[in-house]
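Architecture and fold: a report
Each chain, letter by letter, is given below.
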Amino acid sequence: MRKIWTIARHEYLVNVRRPGFIIMTALVPLLGVLGLLVASFFGGQASAFFERQFAPEPKQIGVVDHLGAFTPILPAYQERYHLFANEEAGRAALEADEIITLLVIPQTYVESGQVMVVSKGSSLDAAMMGDSTSVRAFFVDHLLQDKVDPALHKRLVNPIEPVLVSLEGEGEPGGGPLSTALNFIVPYFLGLLLVMSILVSSGYLLRGVAEEKTSRVIEIVLSSVTAWELLAGKVLGLGALGLTQVLVWLASAFGLSGGAVSLLGVAAPLLARPEVFILGLVYYLLGFLVYAVLMGAVGALGTTMQESQQLAGIFSGMAAIPLILNGFIISNPNLPLLRVLSWFPLTAPTVMMLRLPMAEVPVVDIVGSIVMLILAIPAVLWAGSKVFRMGLLMYGKRPGLGQVMQALRGA
Amino acid sequence: MTQNMLEVRNLVKRYNGFTAVDDLSFEVCEGEIFGLLGPNGAGKTTTTRTVMDIFKPDEGRVQVLGLPPGAAKEHIGYLPEERGLYRDLKVLDVLVYLAELKGTPRSVARQRALAWLERVELADWAGRKVKDLSRGMQQKLQFVASLVHDPQLLILDEPFQGLDPVNVDLLKRLIRELQAEGKTVVLSAHQMNLVEALCDRILLINHGQVVLYGPLDEIKRRYAPHAVRLRTPAALNALPGVTRMERRDGTLTLTLDGTTPQALLQTLVERNVPVEVFEVATAPLEEIFISVVKKEENDA
């Protein structure tokens, strides 16, 4: 155990000081800062766009009422809607930027529903008119004014007030759509984090192993510790290194995008469904271990960096499969395919991390996947260290599948 | 020289049907310098790797200090033939890390590493990166790396490779000093003169099998060419039992047949031949090595 710790410590300290690591780690925050600078430079235009899209200040709309149902405009709408006697007056106001859109309501409106929308330049505003809830309310309120029961009137303006109840989920705690969204986003982010740190630290593992192999120092190391200890130490040390890098990236991303938002993002689902968060962490750790060991073993097989990386790509691809299947996970988290993937150790961590927040996952899947992962880790470590040991001492030639199998059987 | 430091019994190791080590048995006694010799591909490296627990034997048994190889790692120092160090690390850090892997506490490792760097005249380089060292310096550093953890058994595979004569001499002296301190050394080298100068006993293997095994002087006597070397100012007539007389640099080599060196010396004394030098000729180990290996090849 002490030797594993010595190796882990050594790998961490040596690599954390490498210029390559420091540059890579600093690059993401630097790019973020650069992005902010660029954004603030072009800020004028961008902020005008965002303001137009999201600013609470309502746009002024002109109305030419040939039907007569909109004259006078109800007090609630007078601030935003302005009547014009005829189309020419309205167009003049549009030209003078006093209004942003002009609605011309014909006499045949009730039969045809057609309204002419006149706007300057972009047709986007016109297209959005029909979907806008506030415009819809403007029409309904004026047409039904004092004609129907107020409650019914209200329903006609806003026919559906959705209350989410999942078939499997009992009494989803409140918190509204924000909490639901965060419940999904945070574990999804953890899933992404897992894939990222697998790629980052497996890169270091590959490099470290390839370096020790090419510098021939490996034989001295293997005469002091077992392949098992070496692999375990490297996995822990370089895993911590990869995690450090990802955490620095995340911290800088949070720092740049405003700490408050991120804090809310992490805290809200934690309060809503703590078990999802805790299970997410469990899957993260177990998944990381399985992959790191695999990467170490695969790294030892290649004779060059490129060869090792190609081999490793097969496994890092598997980690990403669930992210590709994300659409299915959202629409039906308990799809049989997903349940199968949940039991398979290489896809389990990411699949489960994405399934958990979406629905009440059957307990048997949770227990099963965790048990499979826990069983897989020593198995992968055992097989990995055998392959590792054989691969490390073969120079110049990559071992074939037959030799890998032979190494697993004994020797 | 009583206890067996290393015991190899009927060791067999195969790779994909090729037998690299074939029923090999030998012992290394405590406190001796033991030469492990053989041509390239004879199975030396495979044997040492098995002793170091890097390979598992297919058959047979290996014991180091009475323990299975995996349990004795901390008592063995190993300088492999395929060697290298962490090029981007500092000299002292490399030594301390490698000693730590052998279970030596960091502070102790640091002290010993500094003392050893002093001994091999590399103390000024302790804070420099390994890649800044010359080849010869790296070679010495490798040697030091194999013994900072103070092992009882030292396995040196080609320790003299790439060293200049001054450093060869330094290393020779250090190996003798280590022996004097009670360490056991297994030395594998192709420089037969160095093996002759250092080793007490040798094992010569070829095709993974024992060819010669025993005390060096005994082997040399066994392979003596049955000749004497003689230096005399006098001219020599024919001598009984001497079939051939060869003069080189003022020294005569007399090949004997049907007589002994002792009888020849007696004859010389009887004939009043002034004798300046008289010695029983021995073959250099190199010649023994070549002739034995060639004979093997011819027999095969």
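Residues numbered from 1 in each chain as written. Chains lettered and ligands numbered in written order. Predicted model: local features only at pLDDT ≥ 70, side-chain atom pairs only at ≥ 80, totals over all residues.

Next up on the list: the sheet that holds strand β11 (residues 242-248) of chain B. Residues and elements named next belong to chain B. The sheet built from 4 strands is open, its strands ordered β11-β12-β10-β13 with antiparallel pairing. Strands with a single pairing partner mark the edges of an open sheet, and in this sheet they are β11 and β13 (277-280). Averaged over neighbouring strand pairs, the angle between their axes works out to 20° when direction is ignored. As paired strands, β11 and strand β12 (residues 251-256) are joined by 6 bridges and run antiparallel to one another. When the bridges of β12 are listed, R247 appears paired with L252. (Pairing = 2+ DSSP bridges. Helix = DSSP H or I, 4+ residues; strand = E, 2+ residues; numbered from the N terminus. Axes fitted to C-alpha atoms, helices over the stretch in contact; angles between N-to-C directions.)

In the segment running from T71(A) into P72(A), the intervening peptide bond is cis, with an omega of -5°. Mapped onto the fold, P72(A) is located in the loop between β1 (61-65) and β2 (81-83). Positioned with a positive phi, D249(B) is a non-glycine residue whose angle comes to about 50°. Its place among the elements puts D249(B) in the loop between β11 and β12. With a phi close to 60°, N272(B) is a non-glycine residue in the positive phi region.

Next up on the list: the interface of chain B and chain A. A common measure of how large an interface is: the accessible area buried when the components associate. Opposite the 19 residues of chain B that make contact, chain A presents 16 residues. Looking at the side of chain B that touches chain A element by element, the count peaks at 4 residues for helix α2 (residues 91-101) of chain B. Tallied by class, the residues present in the side of chain B that touches chain A amount to 11 nonpolar, 1 polar and 7 charged. (Contact = placed C-beta atoms within 7 Å. Nonpolar A, V, L, I, M, F, W, Y, C, P; charged D, E, K, R; others polar.)

Attention now goes to the confidence of the model for chain A. Residue and element names in this part refer to chain A. For chain A, the mean per-residue pLDDT works out to 75, and 72% of the residues sit at or above 70. When pLDDT is averaged over each element of chain A, helix α1 (residues 2-16) comes out on top at 90 and helix α12 (residues 259-272) at the bottom at 52. Counted against residues more than four places away or in other chains, residues 168-175, with its pLDDT under 50, gives 9 contacts. (pLDDT = per-residue confidence, 0-100.)

Residue and element names in this part refer to chain A. Between helix α7 (residues 133-144) and helix α8 (residues 150-157), the shortest axis-to-axis distance is 9 Å and the interhelical angle comes to 150°. In terms of axis orientation, α7 runs roughly antiparallel to α8. The interaxial crossing formed by α7 with α8 has right-handed handedness. Only H153, L156 and V157 of α8 make contact with α7, whose side of the interface consists of A137, V140 and L144. Taken together, the residues of the contact of α7 with α8 sort by class into 5 nonpolar, 1 polar and no charged. (Parallel < 35°, antiparallel > 145°, perpendicular 65-115°, else oblique. Left-handed = near helix turned anticlockwise from the far one by under 90°.)

Let's shift gears to the packing of α2(B) against helix α3 (residues 106-119) of chain B. All names here are of chain B. Viewed as axis vectors pointing N to C, α2 and α3 meet at an angle of 130°, and their least axial separation amounts to 9 Å. Our classification of the angle between α2 and α3 gives oblique. When the axes of α2 and α3 are compared, the crossing they make is right-handed. Facing α2, whose interface residues are L92, L95, V96, A99 and E100, α3 presents R106, A109, R110 and A113.

Counting 127 residues, the largest nonpolar core has V293(A), L95(B), V148(B) and L187(B) as its most contacted members. In terms of residue count, helix α13 (residues 274-301) of chain A provides more of this core than any other element does, 18 residues in total. Beyond its immediate stretch of four places on either side in the chain, V293(A) contacts L231(A), V235(A), V380(A), L381(A) and G384(A). Counting residues in each nonpolar core, the second largest holds 12 residues, with I61(A), V64(A), Y81(A) and V104(A) among its members. (Core = buried A, V, L, I, M, F, W, Y, C linked by C-beta atoms within 7 Å. Buried ≥ 20, exposed ≤ 12 C-beta atoms within 10 Å, placed from the backbone.)

Residue and element names in this part refer to chain B. Tracing the sequence through the fold places D217 in helix α7 (residues 216-222). Since 12 C-beta atoms lie within 10 Å of it, D217 is described here as exposed. The spatial distance from the C-alpha of D217 to the C-alpha of L285 is 9.9 Å, given a sequence separation of 68 residues.

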